[in-house]
Amino acid sequence: MNLSHIQSEDLDLYALIKKEAERQKEGLELIPSENYTSPAVMESMGSILTNKYSEGYAKKRYYGGNEFIDNIELLAIERAKNLFGVPHANVQPYSGSPANLAIYMATCQPGDVVLGLNLTDGGHLTHGWKVSATGIFYKTYGYHSKPDGRVDFDEVRKLAKEHKPKLIWCGATAYMYEIEYEQFAEIADSVGAFLAADIAHVAGLIAAGAHKSPANFAHIITTTTHKTLRGPRGGMIMATHKGLEKDPELGDKMDKAVFPGLQGGPHDHQTGAIAIALKEAATEEFKKYGHQIVKNAKALAESLKNNGIKLVGNGTENHLLLLDLVPVYGPGGGAFGSEVLELAGMTANKNTIPGEPGSPFYPSGVRMGTPALTTRGMKEKEMEKVGKWIASAIMEAKDYQLPGVKEDRSPYLSKFKKEIKGNETLKKIREEIKQFTKDFPVPGIE
Ligand SMILES: *Cc1c(COP(=O)(O)O)cnc(C)c1O
């Protein structure tokens, strides 16, 4: 990571980036939507490509000087099409959320009916949650998951029959199973809806062949490029052969929805970085990486269970685990878990669990995953160790319980944070982890 120019121009920013690099290196990154991207991806992100305006699409730009930018974008598109086996790809979405909004624009009129997985059951905001633009401008219904975390397909079928959606979303942000594309496709086809597979979390697993591709089942695929796919922050949308059969103009509609519908000029430095990430994702090495993510997640699940932690679904089929902390802290105690992990040098996030007995703000679970640790070269043996650290950190707060009275909660959490800060066991784990991580380099950080 070369910061020499920042160092001579802006010591304030320099110091902060150095601190963040240290944090990324010395801790265990367990947030399942995060990863460490490659130095080559970062070089494109920091390159002169950021200087250019190129509103429009290749050969149809509103600005001059796009001869080379056109080729960069076409390279990224070609690689996306090959990697995911689709006939149409758009690599301009700034990130996953605008990519998803573009799908509503391409397939629906404002007020049209859309189905998606409910946020507190593992769905994403952009699948129609009430505070998201997608829930405000479209008539959205959320389907739910059963106690084991699996989508309730009887409910999806019932909602589809009753409300005749234009668009159905599958894919999630806290889901421990392989996405059931066939079942969703059967339901979407039976009511004539578009099926959009949002593979933001699992794109890397699909690229690696560790998970099945949605290309034969969905009409549309959307993804982020920065999660398991390990590229720069960004988004992509794709139309499948099935999608173009349903609507031959689908690709064109998606392109128009991104620009001029939602965005202005594409981020060409990001497009270049996506092209590199897609090239990397097509290698043998990445295949191994994708499979190892899943092996590691299963090993981490075993270790956690052996150390007394309950998991939603009792394990995982992908990169992600959802810890049900009700047996440890009672309802609503996810924040105790994320706090002790943070103090012990591990980053994860509090999360709702199926049938959440707390609330979205005071959820009862913690979500974690293995993509970032796997990038650092950790394997099953290391996961066993990590599981022990996680479990012992969590147990350090087992005597805390969220008050039932709403007004008492925030002061109680503040008091908890003050008390737990000096915990010696957590400090000891943090130090052990700092030593342990020295053997597992982070790409781009010395
Ligand atoms: C992360 C995620 C998104 C949104 O991505 P951003 O880049 O944060 O906007 C969309 N859908 C799913 C399922 C996600 O997990």
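Residues numbered from 1 in each chain as written. Predicted model: local features only at pLDDT ≥ 70, side-chain atom pairs only at ≥ 80, totals over all residues. Heavy atoms only, no water.

### Details of the layout of surface pockets
To be explicit about the condition: Each cavity reported here is a set of points on a 1 Å grid over the protein atoms alone in which a 1.4 Å probe fits but cannot get out, each pocket an open set with protein on both sides within 12 Å along at least five of seven lines, and each lining residue one with an atom within 4 Å of a point. Grid points are joined across faces, edges and corners, and a volume is the space filled by probe spheres set on the points. Numbering goes from the N terminus for both helices and strands, where a helix is a DSSP run of H or I of at least four residues and a strand is a run of E of at least two. Three classes are used: nonpolar for Ala, Val, Leu, Ile, Met, Phe, Trp, Tyr, Cys and Pro, charged for Asp, Glu, Lys and Arg, and polar for all others, with Gly counted as polar.
One number sums up the size of the largest pocket: a volume of about 1000 Å³. Considering the residues around the largest pocket, the lining is formed by 35 residues, among which M1, Q24, T37, M42 and M45 are closest to the centre. At the level of secondary structure, the elements contributing two or more residues to the lining of the largest pocket comprise α1 (4-9), α2 (11-26), α3 (39-45) and α5 (96-107). Its residues placed into classes, the lining of the largest pocket shows 14 nonpolar, 14 polar and seven charged.

### Thoughts on the domain arrangement of the protein
Note the following rule: The split of the chain into domains comes from an automatic or database domain assignment. Should any heavy atoms of two residues lie within 4.5 Å, those residues are counted as being in contact. The term buried area refers to how much accessible surface (probe radius 1.4 Å) is lost by two components on association, counted for both of them together. For this document, the term salt bridge refers to a Lys or Arg side-chain nitrogen within 4 Å of an Asp or Glu carboxyl oxygen.
Partitioning the protein into domains gives domain 1 (45-281) and domain 2 (284-439). Here the C-alpha centre of domain 2 lies 29 Å away from the C-alpha centre of domain 1. Residue-level contacts link 28 residues of domain 1 with 24 residues of domain 2. Taken together, both faces of the contact between domain 1 and domain 2 bury some 2000 Å²; the carbon and sulfur share is 61%. Between domain 1 and domain 2 we count one salt bridge in total.

### Thoughts on the side chain of T224
Quick note on the threshold: In protein, a polar contact requires one atom able to donate a hydrogen and another able to accept it; more generally it is a pair of N or O atoms within 3.5 Å, and residues adjacent in sequence count only if both atoms are side-chain atoms.
Relative to the helices and strands, T224 is located in strand β9 (residues 220-224). Among the polar contacts listed, one links the side chain of T224 to the backbone oxygen of A200, at a separation of 3.2 Å. Those residues within four positions of T224 in sequence are excluded, and the remaining contacts are G96, A200, L229, G234 and G235.

### Here's the deal with the sheet that holds strand β15 (residues 365-369)
Note the threshold: One bridge is not enough; two strands pair if DSSP finds at least two bridges between them. Only C-alpha atoms enter the line fits that serve as axes; for helices the fit covers just the stretch in contact. Angles between N-to-C directions range over 0 to 180 degrees.
Taken in spatial order, the four strands of this open sheet run β11-β12-β15-β14, and their pairing is antiparallel. Because the sheet does not close on itself, it has two edges, and the strands there are β11 (310-311) and β14 (349-351). Relative to β15, β14 runs antiparallel, the two sharing three bridges. Within β15, the position partnered with K350 by the bridge is V366. The strands touched by helix α13 (residues 284-306) within the sheet are β11, β12 (320-324) and β15, with β12 carrying the most contacts at an inclination of about 20°. Across the sheet, helix α15 (residues 334-343) touches β14 and β15, and the angle it forms with β15 is around 45°.

### Quick notes on the pairing of strand β7 (residues 167-170)
How we decide: The buried label applies to any residue whose accessible area, calculated with a 1.4 Å probe on protein chains only, is under 20% of its type's maximum; exposed applies above 50%, and partly exposed to all values in between. With strands facing away from the observer, any crossover in which the path from the first strand over the helix to the second runs clockwise is taken as right-handed.
By the alternation rule, side chains of β7 split into L167 and W169 and I168 and C170, which are all buried. Looking at chain direction, strand β5 (residues 113-117) and β7 are connected through two bridges and run parallel. Directly across from V114, in β7, lies its bridge partner L167. Taken together, the four bridges between β7 and strand β8 (residues 194-198) define a ladder with parallel strand orientation. Bridge pairing in β8 links I168 to L195. Following the chain from β7 across helix α8 (residues 181-191) to the adjacent parallel β8, one finds a crossover that is right-handed.

### A short note on the site of the ligand
To be explicit about the condition: Proximity criterion: a residue is near a molecule or strand once any of its heavy atoms comes within 4 Å of it.
S95, S97, D198, H201 and K227 are the nearest of the 13 residues found near the ligand. One of the backbone N or O atoms of G96 is found 3.0 Å from an oxygen atom in the ligand. Here a nitrogen atom of the ligand and a side-chain polar atom of D198 are 2.6 Å apart. Element by element, the count of residues in the shell around the ligand is highest for α5, at three residues.

### Focus: the pattern of salt bridges
Scanning the model with the defined rule gives 20 salt bridges in all. Close ionic contact of K427 with E424 constitutes a salt bridge, the shortest N to O distance being 3.7 Å. On the criterion of helical spacing, the pair formed by K427 and E424 is a turn pair, its members being three residues apart in helix α19 (residues 424-436). Each member of the salt-bridge network shares a partner with another, and the members are R61, D70 and E73.

### Side note on empty space enclosed by the protein
A water-sized probe, rolled over the atoms, reveals where empty space remains. This model, assessed by the stated rule, comprises three cavities of 30 Å³ or more. Roughly 80 Å³ of volume is contained in the largest cavity. A per-class count over the lining of the largest cavity returns nine nonpolar, five polar and one charged. Per-domain counts for the lining of the largest cavity show at least three residues from each of domain 1 (45-281) and domain 2 (284-439). Estimates place the volume of the second largest cavity at around 50 Å³.

### With respect to the environment of I48
Residue position: I48 is located in the loop between α3 and β2 (56-57). For I48, a relative accessible area of 63% gives the class exposed. Expressed as a C-alpha distance, the spacing of I48 and H269, which sit 221 residues apart in the sequence, is 7.4 Å.

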